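Commentary on secondary and tertiary structure
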Amino acid sequence: MLLSDSLFSGNLNVVLLLATVVVLLFFFGYFFLIPKVLCWRASKKLRIGDYQSAVESFFKALKISPRDARIWYGYSLALRRAERLDEALEALDAVERLEPGQTSIFLERIDVFRTQKRLDEALDELSQKIEAGDCPDQVRLMRSAVEIEAQLFEEAESDCDFLIEHGGESIYAEAFNNRGVAKLMLGRESDAESDFETSYLLDPRSSVVRAYCSSAWLRRKAPQKTLALCDATIKTDPLCAAAYHFRGLAKQMMNDFDGANEDFQKADELKRELLVSQ
């Protein structure tokens, strides 16, 4: 009798142990592995441009892990790529609630405002952040970029002056670049050229950034400003394919189709040369 009780007790312990292991494996798989797989799938969909599928995968992951800030951030990026911008802002708000005070999340929020052309709201939030004190250089740099888009060129120049005098070395190239853009739009071409040259010396990639900045003027139906900025970029870096591309778009908008085709051909030629050299 004692032997049978002992065997029963031993079997029960084994069953309980196995049940515990099964439950733990279930929770591990459901709450950890499945969200990981869904996020991996979403990231893959983002890379190939299937933004709606990425949104759906991140959303499924959030159903399982609603307090994971990283998933909310990925979800916001997918929503932004899918041009669901109001929902992207809501997702960024969720990230802020879970992990408050992250500068990168704040700047992503501002960038969504820029895409929506809500420049006044973007400037208000940036100014509040700066006036609160202990502000990262990237916030003031972002404000200078938004001020340029809002055609507040003197204010943008002032912010860049501050960054060049007081900021860290990591933002110098962008600060000189933005100040050059502001000066160019204020008609001070030689001063702008000096800033562009300095920016290029600090970081040769700044010419590409400048060229993409010019596209903001295209969206605002101001091709002359795009043309001026691309001309300045090409003068500093004559191998910048992006500058030729956006200059071509500006010329196309201005009905200079021959000039546009020449720039498009030059951009394609530079891209091919870059691929060969790699």
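In the block above lies the structure referred to throughout.
The text that follows walks through the structure, step by step, so that each part is easy to find. Small disclaimer: the values here were computed from a predicted structure and weren't measured.

Procedures and definitions
- Residues numbered from 1 in each chain as written.
- Predicted model: local features only at pLDDT ≥ 70, side-chain atom pairs only at ≥ 80, totals over all residues.
- Heavy atoms only, no water.
- Helix = DSSP H or I, 4+ residues; strand = E, 2+ residues; numbered from the N terminus.
- Buried < 20%, exposed > 50% of the residue type's maximum accessible area, 1.4 Å probe, protein only.
- 1 Å grid on protein atoms, 1.4 Å probe; cavity = no way out; pocket = protein on both sides within 12 Å on 5 of 7 lines; lining within 4 Å.
- Points joined across faces, edges and corners; volume = space filled by probe spheres on them.
- Nonpolar A, V, L, I, M, F, W, Y, C, P; charged D, E, K, R; others polar.
- Salt bridge = Lys/Arg side-chain N within 4 Å of Asp/Glu carboxyl O.
- Phe/Tyr/Trp six-rings, centres within 6.5 Å; stacked < 30°, edge-to-face > 60°.

Positionally, Glu169 belongs in the loop between helix H8 (153-166) and helix H9 (172-185). For Glu169, a relative accessible area of 69% puts it in the exposed group. Each C-alpha atom, one on Glu169 and one on Leu202, is 9.5 Å from the other, the two residues being 33 residues apart in sequence.

Here we come to empty space enclosed by the protein. Taken as a whole and assessed by the stated rule, the structure comprises one cavity of 30 Å³ or more. For the largest cavity, the full set of lining residues is Arg114, Lys117, Glu149, Ala216, Arg219 and Arg220. Looking at the lining of the largest cavity residue by residue, the class counts come to one nonpolar, no polar and five charged.

Throughout the structure, instances matching the rule amount to 23 salt bridges. In this structure, Asp111 engages Arg80 in a salt bridge whose closest nitrogen and oxygen atoms are separated by 3.0 Å. Linking Asp111 in helix H5 (residues 103-115) with Arg80 in helix H3 (residues 69-81), this pair joins segments that are 31 residues apart in sequence. We classify Asp111 as partly exposed; its relative accessible area is 23%. Relative accessible area serves as the criterion here: at 16%, Arg80 is assigned to the buried category. One salt bridge in this structure joins Asp195 and Lys183, with 3.1 Å as the shortest N-O distance. Highlighted residues: Asp195 in helix H10 (residues 189-202) and Lys183 in helix H9, separated in sequence by 12 residues. Across the pair, Lys183 and Asp195 agree in class, each one buried. Through salt bridges with shared partners, a single network forms among Arg80, Glu108, Asp111, Arg114 and Glu149.

Per the counting criterion, the structure on display carries four aromatic pairs. Here Trp72 and Tyr75 contribute two aromatic rings whose centre-to-centre distance is 5.9 Å and whose plane-to-plane angle is 65 degrees, an arrangement assigned as edge-to-face. Highlighted residues: Trp72 and Tyr75, both in helix H3, separated by three residues, approximately one helical turn. By relative accessible area, which is 10% here, Tyr75 ends up buried.

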